[in-house]
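What follows is the residue order along each chain.
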Amino acid sequence: MTAMIALTVALAVFVGIALGLLGGGGSIMTVPLLAYVAGMDAKQAIATSLLVVGVTSAVGAVSHARAGRVQWRTGLIFGAAGMAGAYAGGLLARFIPGTVLLIGFAVMMIATAIAMLRGRKNVHAAGGAHRMPIPKIIAEGLVVGLVTGLVGAGGGFLVVPALALLGGLPMPVAVGTSLIVIAMKSFAGLAGYLSSVHIDWGVALAVTAAAVVGALIGARLTAMVDPDALRKAFGWFVLGMSSIILAQEIHLAVGMAAAALTAVALAMYLACNRTGFCPLRHLVANRPASAPA
């Protein structure tokens, strides 16, 4: 068991890197890590994950803020609205089967990933030049909070695209700002769990410390990565994670098929961008010309 805990702590560094670099993926990776590697039961893993993700996100947000990649006003308002929406979503979730919720979440992840890969033509280049209107921040926060409250996960997967695509923030700023939102929602969720779930504080603090180290590394890497490349990497990451949910909630074959399609799409994307051979380009070039519209 000691070896498994040591492995859990080591892998937690990569959870922190994902949070610091992408602004999301913490809860989706931390819960399986704690449940399947550390051997915690489901509720204990979720509660511990909230602590790990909350602290790691808060530290990562401060690191991003020092580099000028956080809009505190947007993050705090979005986070408050998101907490209210998450509470409402949690109330509604009892009336909807969990499998239906998670399948819907996977479909939403796919749509989000495609949107991130396609990008936004009019994203502002300056990190602090664009300020979202307060009504828009509240509306988006409520909607994102409602959905994350329904499915119980996916904060970063929704917050980052909402800030980058809908809010018009540059990807590095969206990542840094999303960490504030994730931290607020994680601590709110943890407060609810502490009344009924016991946490192994020794393991929790060790995993949290490792994840914080990873978050600091991820925050530094953000400054070295092109924003467009970071946005596309996030899209591919979300697309890959959606296949795991489909495998768990529908059938293994469905998840494997989704993963295979993602792998093929990624291979074609890399071929088109890094080599002279592009299957998509050849298909378009060989297609018969259509009549003008």
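Residues numbered from 1 in each chain as written. Predicted model: local features only at pLDDT ≥ 70, side-chain atom pairs only at ≥ 80, totals over all residues. Heavy atoms only, no water.

## What about the overall build of the protein?
Assigned secondary structure in the protein consists of 12 helices and zero strands. Secondary structure elements of the protein, listed N to C terminal, follow the sequence α-α-α-α-α-α-α-α-α-α-α-α. Across the 293 residues that make up the protein, the buried fraction comes to 45%. For the protein, restricting intrachain contacts to residue pairs at least 6 apart in sequence, the fraction spanning at least 24 positions comes to 81%. Split by element, the accessible area of the protein, about 14,100 Å² in all, is 71% carbon and sulfur. (Helix = DSSP H or I, 4+ residues; strand = E, 2+ residues; numbered from the N terminus. Buried < 20%, exposed > 50% of the residue type's maximum accessible area, 1.4 Å probe, protein only. Contact = heavy atoms within 4.5 Å. Areas by Shrake-Rupley, 256 points an atom, 1.4 Å probe, with all protein chains shown as cover.)

## Description of the nonpolar core
Counting residues in each nonpolar core, the largest one holds 33 residues, and the members touching the most others are F78, L163, M171 and F234. Those elements that provide at least two residues to this core are helix 1 (2-22), helix 5 (98-118), helix 6 (134-151), helix 7 (155-166), helix 8 (171-194) and helix 10 (227-249). Ranked by the residues each element gives to this core, the list is headed by helix 10, at eight residues. (Core = buried A, V, L, I, M, F, W, Y, C linked by side-chain atoms within 4.5 Å.)

## Considering helix 9 (residues 201-222)
Relative to the 32 Å expected for 22 residues at 1.5 Å per residue, helix 9 spans 31 Å between its end C-alpha atoms, a close match to the ideal helical length. Inspection of helix 9 places V203, A204, V207, T208, A210, A211, V212, G214, A215, G218, A219 and T222 among the buried residues, and these make up the whole buried set. (Expected span 1.5 Å × (residues − 1).)

## A short note on the environment of A3
Tracing the chain through its elements places A3 in helix 1. A residue is classified by how much of its surface remains accessible, and A3, at 57% relative accessible area, is exposed. For the pair formed by A3 and V37, sequence separation is 34 residues and the distance between their alpha carbons is 9.8 Å.

## Quick notes on the packing of helix 1 against helix 8
Interhelical geometry of helix 1 versus helix 8 gives an angle of 120° and a closest axis separation of 7 Å. Compared by their axis directions, helix 1 and helix 8 come out oblique. Residue-level inspection shows L19, G20, L21 and L22 of helix 1 in contact with helix 8, the latter providing V175, L179 and I182. (Axes fitted to C-alpha atoms, helices over the stretch in contact; angles between N-to-C directions. Parallel < 35°, antiparallel > 145°, perpendicular 65-115°, else oblique.)

## Structural notes on the confidence of the model for the protein
In this model, the protein carries an average pLDDT of 77, and 83% of its residues clear a pLDDT of 70 or more. Across the protein, the secondary-structure element scoring lowest on mean pLDDT is helix 12 (residues 279-286), at 49, and the one scoring highest is helix 9, at 88. Throughout residues 121-129 the model reports pLDDT below 50, and contacts reaching past four residues in sequence, or to other chains, amount to 13 contacts. A low-confidence stretch, residues 282-293 stays under pLDDT 50, and its non-local contacts, those more than four residues away or across chains, total one contact. (pLDDT = per-residue confidence, 0-100.)

## Quick look at the UniProt feature "transmembrane region" (unreviewed entry) in the protein
Cross-referencing UniProt, the feature "transmembrane region" (unreviewed entry) maps to residues 45-63, 75-93, 99-117, 137-167, 173-194, 201-223 and 252-271 in the present numbering. Between the first and last C-alpha atoms of residues 173-194 the distance is 32 Å; the span itself is 100% helix and 0% strand. (UniProt positions renumbered as here; feature names shortened; annotations may be inferred.)

## Observations concerning the packing of helix 1 against helix 9
Close contact between helix 1 and helix 9 brings their axes to 6 Å; oriented N to C, the two are set at 35°. Taken as a pair, helix 1 and helix 9 cross one another with a handedness that is right-handed. In this structure, helix 1 contributes I5, T8, V9, A12, V13, G16, I17, G20 and L21 to the contact, and helix 9 contributes V203, A206, V207, A210, A211, G214, A215, I217, G218, A219, L221 and T222. Along the lines of polarity and charge, the residues of the contact of helix 1 with helix 9 split into 15 nonpolar, six polar and no charged. (Left-handed = near helix turned anticlockwise from the far one by under 90°. Nonpolar A, V, L, I, M, F, W, Y, C, P; charged D, E, K, R; others polar.)

## So, a nonpolar patch on the surface
Together, V213, I217, L221, M224 and V225 give the surface a local cluster of nonpolar side chains, amounting to about 410 Å² of exposed area. Along the chain, L221 turns up in helix 9. With relative accessibility at 32%, the residue L221 sits in the partly exposed group. (Patch = residues over 30% accessible without salt bridge, like charges linked within 9 Å, V, L, I, M, F, W, Y side chains within 5 Å. Salt bridge = Lys/Arg side-chain N within 4 Å of Asp/Glu carboxyl O.)

## What to know about the environment of L117
Along the chain, L117 turns up in helix 5. What makes L117 partly exposed here is its relative accessible area of 21%. Measuring from C-alpha to C-alpha, the distance between L117 and W236 comes to 7.5 Å, with 119 residues separating the pair along the chain. Among residues more than four places away in sequence, those in contact with L117 are R231, K232, G235 and W236.

## Focus: the side chain of S242
Secondary-structure assignment places S242 in helix 10. When near neighbours in sequence (up to four residues on either side) are disregarded, S242 contacts A106, M109 and I110.

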